[in-house]
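# Residue-level structural notes
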Amino acid sequence: MRMRRHQWLRKTLSRAYYCTFSSSFPLKHVTQSNFESAVADLKTHLKAADFVAIDLEMTGVTSAPWRESMEFDRFDVKYLKVKDSAEKFAVIQLGVCPFRWDPLRLSFIAHPHNFFIFPRQEVPIDSSSYEFLCQTTSIDFLAKYHFDFNACIRQGVSYLSRGQEDEALRRLNLRYENELSEQARDVPLVSITDILFSERMKNRLREWRDGLLKDTSGGSQLEGSFLNDSNQQFQNIFYKMRPALSLNGFTSHQIRLIQSVTKKHFKDLASVRVEGESSCSQQLVVYTDSESDRDLLKKEVMDDYRRQAEMKIKAAIGFRHVIDLLSSEKKLIVGHNCFLDLAHIHSKFLGPLPLEAEEFVYSVNKCFPYIIDTKILLNTNNILKKRMKKSKTSLSSAFLSLCPQIAFASKESCNLTFSSSVKVELPPLFTFELCKCILSPTKEVSLMSSSWISGVKHEAGYDAFMTGCVFAQACNLLGIDFKLYSPSENLACNERLQKHANLLYLSWINGDIIDLSTGHRTAESLRCRDLKKSQTGILFENIVLIWGFPSKLKTSVIKDRISKVFGPTSVTSICRLDETAVLVQFSKLKLVADFLAVKETLERSNDAFSVLHPLSTILEGGNTCAASYETYKDICSSPISKLLFADQAEAVGIRWKTKLVERKEELETEEQDNFHEENAANTVSVYVEQN
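Only a predicted model underlies this, so the values are computations on that prediction, with no experimental measurement involved. (Residues numbered from 1 in each chain as written. Predicted model: local features only at pLDDT ≥ 70, side-chain atom pairs only at ≥ 80, totals over all residues. Heavy atoms only, no water.)

## Observations concerning the packing of aromatic side chains
What counts, and what does not: In summary, the pairing rule links any two rings of Phe, Tyr or Trp, Trp by its six-membered ring, whose centres are within 6.5 Å, and it sorts them by plane angle into stacked for under 30 degrees, edge-to-face for over 60 and tilted for everything else. With a 1.4 Å probe rolled over the protein chains alone, any residue whose accessible area is under 20% of its type maximum counts as buried; one over 50% counts as exposed, and the rest are partly exposed. Both a distance and an angle decide whether a charge sits over a ring: NZ of Lys or CZ of Arg must be within 6 Å of the ring centre and within 35 degrees of the ring normal.
As enumerated under the stated definition, the model contains 32 aromatic pairs in all. Ring centres of Phe 482 and Tyr 485 lie 5.8 Å apart, and the angle between their planes is 75°; this geometry places the pair in the edge-to-face category. Looking at Tyr 485, the relative accessible area reads 8%, which means it is buried. Here the aromatic cluster, defined as three or more aromatic residues joined through ring pairs, consists of Phe 51, Phe 99, Trp 101, Phe 108, Phe 399, Tyr 462, Phe 465, Phe 471, Phe 482 and Tyr 485. Stacked on the ring of Phe 540, the Lys or Arg Arg 74 has its end atom at 5.9 Å from the ring centre.

So this is what it looks like as structure tokens:
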């Protein structure tokens, strides 16, 4: 029996070492309970890593249908839509998987970590609480793959961004200064109640102080009337080796009056506020030997308060420690279609996202100087495109195509062309814990006890592992010989990877790529497949935004009505945002101004010509608005997200129905208005004669 167990162990460990199973892949789940130890281990692995793969799971992607990436989205609009997504949705899982090349084993050692994250507000930064959106399709998708929502909400690691930490420290300093000024300010006695209360407190404090001075042993007087106070408002204690009174049950106004009395009438008493064990503030009146001792006490109290608050802020940093580690080590970061991932990392752990894409890429590049996106790698390199053939470049498809020996749990199932593929092994810790479980079946030892839990696809830690495996195999196919690889070499600087480094998809749909090193944008020149839609013919200055028209109106009808007025070739194409809005591209820039002018003229008129005009179908209802492309950008930049675009525009506060292109005051003359009216009437006359 024991022999069979050891044979099974040897076989299992062999499979584990070569990661030949995905359905029971060991994944280190990290929650609040094991966060500190996991970060300590991760720090060691990161220092030795050659690259680090990451992946995120979010609560959603788009806050409204029109916020999805569209064909007519300019680069700055695409960034604004990504920014909106990163700001509105939460990251609930983040996978970090360091990969280290082992020259002795001739394989990569992977250390997959799966962090559960939850934005718990542990330090009050402002009066509001954290809020985030959940997209039902995203939540349903995660549930389908058995995402543990209980672990996330109850045990997820919270965090402070660098910006939030700075704000918390700023508020701490402000509160520190306010406390000092509060102590220095006298409280005016504005009512008879305040006068009587202050006099009573003066007498009781004098009685207590005099009792201390008469009885140097601190015996009978300390156990006198204050201790036996029926309301328990005064309690005798010692604070920092000094006799003190703890004040309980007083209002904040009464506390200020007591502070004022203490300052005015007792040079040897000090009124201080200290933080209790339950983080509740406690008001004390402390006896001091001298004026200098009183000043020393106040300084000690304020220093203690500041030190405790700073420790609390540092403790609330939470998961950001992982991001700080990744940034400080300056390792090569590998992601798959990871522009949105990086936007989330910036928003959650660095600070608010900039308004412009150029500022964003500069900030990201400063924090992570070496990034490679495997989706770009697979789509822009001819060698990898040939290897992928017509396979999709999604992460799971790329993993199956490039790493079958890992994806399929059997070496026999591997294609012969992969006989020289790069090996990836599990961390030795897993094999050690697995060995303990098997050899000591009577002891309470399990994979759960070491946080090694079976991972599945679409868990962030496992997806990070898949991303790293895809990258390792891609490097092998590009001709990077890891057998000749030196641990001191920076893989990010390898000449075969240089032209792919720091390039990210701003939009996968349109193939727009942004260079994190320079901020320059380029259209992808090499694609894995032909796109049905291309932006090569899009001229954004020729685009008009139209919204608020009748919801039943079809795109073809809109094109037909505009073409009847401005000619059959006037409209190049139309992009539908939703049932309430479209983007119309005209063939000439002049037609943009003409369309807006005719629309405005028709809406000012109320005659038969206007009713018969082809554009009347679009203007029906009187709610149709139109403007140039820049208005579309302005609406997308708003943090508001209404389900329908027309509602969004109204919520943003756009009051006009037509915004003419470059309309200047000096051009708004009566002659110009007459010209537009005459032009509109002529188009109606021509239309009537033709029909």
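## Side note on unusual backbone geometry
As a reminder of what qualifies: Labels follow the DSSP assignment, with helices taken as runs of H or I lasting at least four residues and strands as runs of E lasting at least two, numbered in each case from the N terminus.
Phi at Leu 106 is positive, roughly 55°, even though this residue is not glycine. Here Leu 106 is to be found in the loop between strand 3 (91-102) and strand 4 (107-110). Phi at Met 241 is positive, roughly 65°, even though this residue is not glycine. Tracing the backbone shows Met 241 in the loop between strand 6 (234-239) and strand 7 (242-247).

## Points about the layout of surface pockets
Selection rule: Points on a 1 Å grid, built from protein atoms alone, make a cavity when a 1.4 Å probe fits but cannot get out and make a pocket when they are open with protein on both sides within 12 Å along at least 5 of 7 lines; residues with an atom within 4 Å of a point are the lining residues. Grid points are joined across faces, edges and corners, and a volume is the space filled by probe spheres set on the points. In the scheme used here, Gly and all other residues not listed as nonpolar or charged are polar, with Ala, Val, Leu, Ile, Met, Phe, Trp, Tyr, Cys and Pro taken as nonpolar and Asp, Glu, Lys and Arg as charged.
Looking at the largest pocket, its volume works out to about 1,200 Å³. As for the largest pocket, its lining consists of 38 residues, of which Met 58, Val 61, His 336, Asn 337 and Leu 340 are closest to the centre. Mapped onto the lining of the largest pocket, the elements with two or more residues apiece are strand 2 (51-58), helix 3 (75-88), helix 4 (136-144), helix 11 (339-350), helix 15 (395-402), helix 18 (460-477) and strand 14 (503-507). Taken together, the residues of the lining of the largest pocket sort by class into 14 nonpolar, twelve polar and twelve charged.

## Let's talk about the sheet that holds strand 9 (residues 281-287)
So the rule is basically this: When DSSP finds at least two bridges between two strands, those strands are taken to pair. Here the axes come from fitting lines to C-alpha atoms, over the contacting stretch only for helices, and the angles between their N-to-C directions go from 0 to 180 degrees.
The antiparallel open sheet is built from four strands, whose spatial order is 6-7-9-8. In the strand order of this sheet, the two ends are held by strand 6 and strand 8 (269-275), each with one partner. Going across the sheet, the axis of each strand differs from the next one's by a mean of 35°, ignoring polarity.

## Comments concerning the nonpolar core
Note the threshold: Side-chain atoms within 4.5 Å link the members of a nonpolar core, which is a set of buried Ala, Val, Leu, Ile, Met, Phe, Trp, Tyr and Cys residues. Whether two residues are in contact is decided by their heavy atoms: any pair within 4.5 Å suffices.
Formed by 47 residues in total, the largest nonpolar core has its most connected members in Phe 115, Phe 319, Leu 342, Ile 345, Phe 360, Phe 368 and Ile 371. Taken together, the elements giving at least two residues each to this core come down to helix 2 (35-48), strand 2, helix 3, strand 3, helix 10 (320-329), helix 11, helix 12 (357-367) and strand 14. With seven residues, the single largest contributor to this core is helix 11. Excluding anything up to four places from it in sequence, Phe 368 contacts Ile 323, Leu 326, Ser 327, Ile 333, Leu 342 and Ile 345. Formed by 41 residues, the second largest nonpolar core is a distinct cluster that contains Cys 97, Phe 99, Cys 403 and Ala 474.

## Brief notes about the environment of Arg 105
By secondary structure assignment, the location of Arg 105 is in the loop between strand 3 and strand 4. When the C-alpha positions of Arg 105 and Lys 423 are compared, they lie 9.1 Å apart, and in sequence the two are 318 residues distant.

## Points about the pattern of salt bridges
If the charged atoms of two oppositely charged side chains come close together, the side chains can form a pair. Filter applied, for reference: The salt bridge criterion pairs a side-chain nitrogen of Lys or Arg with a carboxyl oxygen of Asp or Glu, the two atoms within 4 Å.
All chains considered together, the criterion is met by 34 salt bridges. Residues Lys 28 and Asp 41 are paired through a salt bridge, measuring 3.3 Å at the closest nitrogen-oxygen approach. Placement of the pair is Lys 28 in strand 1 (residues 25-30) and Asp 41 in helix 2, with a sequence separation of 13 residues. We note a salt bridge from Lys 88 to Asp 84, for which the minimum N-O separation is 2.3 Å. Remark: Asp 84 and Lys 88 occur in helix 3; sequence separation between them is four residues, near one turn of the helix.

## As for helix 11
Heads up, the condition is: One less than the number of residues in a helix, times 1.5 Å, gives the span that helix is expected to have.
Taking 1.5 Å per residue, twelve residues should reach 16 Å; helix 11 reaches 15 Å between its end C-alpha atoms and fits that length. With twelve of twelve residues buried, helix 11 is to be regarded as a mostly interior element. By the burial criterion, the buried members of helix 11 are Phe 339, Leu 340, Asp 341, Leu 342, Ala 343, His 344, Ile 345, His 346, Ser 347, Lys 348, Phe 349 and Leu 350.

## A word on the pairing of strand 2
The element strand 2 is extensively covered by neighbouring structure, given that eight of its eight residues are classed as buried. Here eight bridges tie strand 2 to strand 3, and the two strands are oriented antiparallel to one another. The partner of Val 52 across the bridge, within strand 3, is Pro 98. Bridge analysis of strand 2 against strand 10 (residues 332-335) gives three bridges, and the strand direction is parallel. Residue Ala 53 lies in a different strand from strand 10, and its bridge partner there is Val 334.

## Describing the confidence of the model for the protein chain
Note the following rule: Per residue, pLDDT captures the predictor's confidence, and it can take any value from 0 to 100.
Counting all residues, the mean pLDDT for the protein chain is 81, and 78% of those residues have values of 70 or more. Contacts for the low-pLDDT stretch residues 430-454, under 50 throughout, to residues beyond four places or in other chains number 43 contacts.

## Thoughts on the pairing of strand 5 (residues 113-116)
With burial as the criterion, each face of strand 5 is covered, one bearing His 113 and Phe 115 and the other bearing Asn 114 and Phe 116. Where strand 3 lies against strand 5, four bridges are found, and the strand directions are antiparallel. Across the sheet, residue Val 96 finds its bridge partner in strand 5, namely His 113.

## Examining the environment of Leu 247
With respect to the helices and strands, Leu 247 occurs in strand 7. With relative accessibility at 7%, the residue Leu 247 sits in the buried group. Among all residues touching Leu 247, those that are not within four sequence positions of it are Gln 233, Phe 234, Ile 255, Ile 258, Gln 283 and Val 285.

## As for the sheet that holds strand 18 (residues 571-578)
The antiparallel open sheet is built from four strands, whose spatial order is 18-19-17-20. Bordering the open sheet on either side are strand 18 and strand 20 (625-628), each of which pairs with just one other strand. Strand-to-strand, the axes of this sheet are offset by a mean angle of 20°, without reference to chain direction. Alignment of strand 17 (residues 543-547) against strand 19 (residues 581-586), held across five bridges, turns out to be antiparallel. For Leu 545, the partnering residue across the bridge sits in strand 19 and is Leu 583. Contacting strand 17, strand 18 and strand 19, helix 19 (residues 555-566) runs over the sheet at an angle of about 140° to strand 18.

## What to know about the packing of helix 3 against helix 23 (residues 629-636)
Here is the rule: In this scheme, roughly parallel covers angles under 35 degrees and roughly antiparallel covers those over 145, while 65 to 115 is roughly perpendicular and the rest are oblique. It is the rotation of the near helix from the far one that decides the hand of a crossing: anticlockwise by less than a right angle makes it left-handed, clockwise makes it right-handed.
It is the contact of helix 3 with helix 23, at a shortest axis distance of 9 Å, that shows an interaxial angle of 15°. It follows that helix 3 is roughly parallel to helix 23 by the angle criterion. In terms of crossing hand, the pair formed by helix 3 and helix 23 is left-handed. In this structure, helix 3 uses Asp 76, Val 77, Leu 80 and Lys 81 to contact helix 23, whose residues at the interface are Tyr 629, Tyr 632, Lys 633 and Cys 636. The residue inventory of the contact of helix 3 with helix 23, partitioned by class, reads five nonpolar, no polar and three charged.

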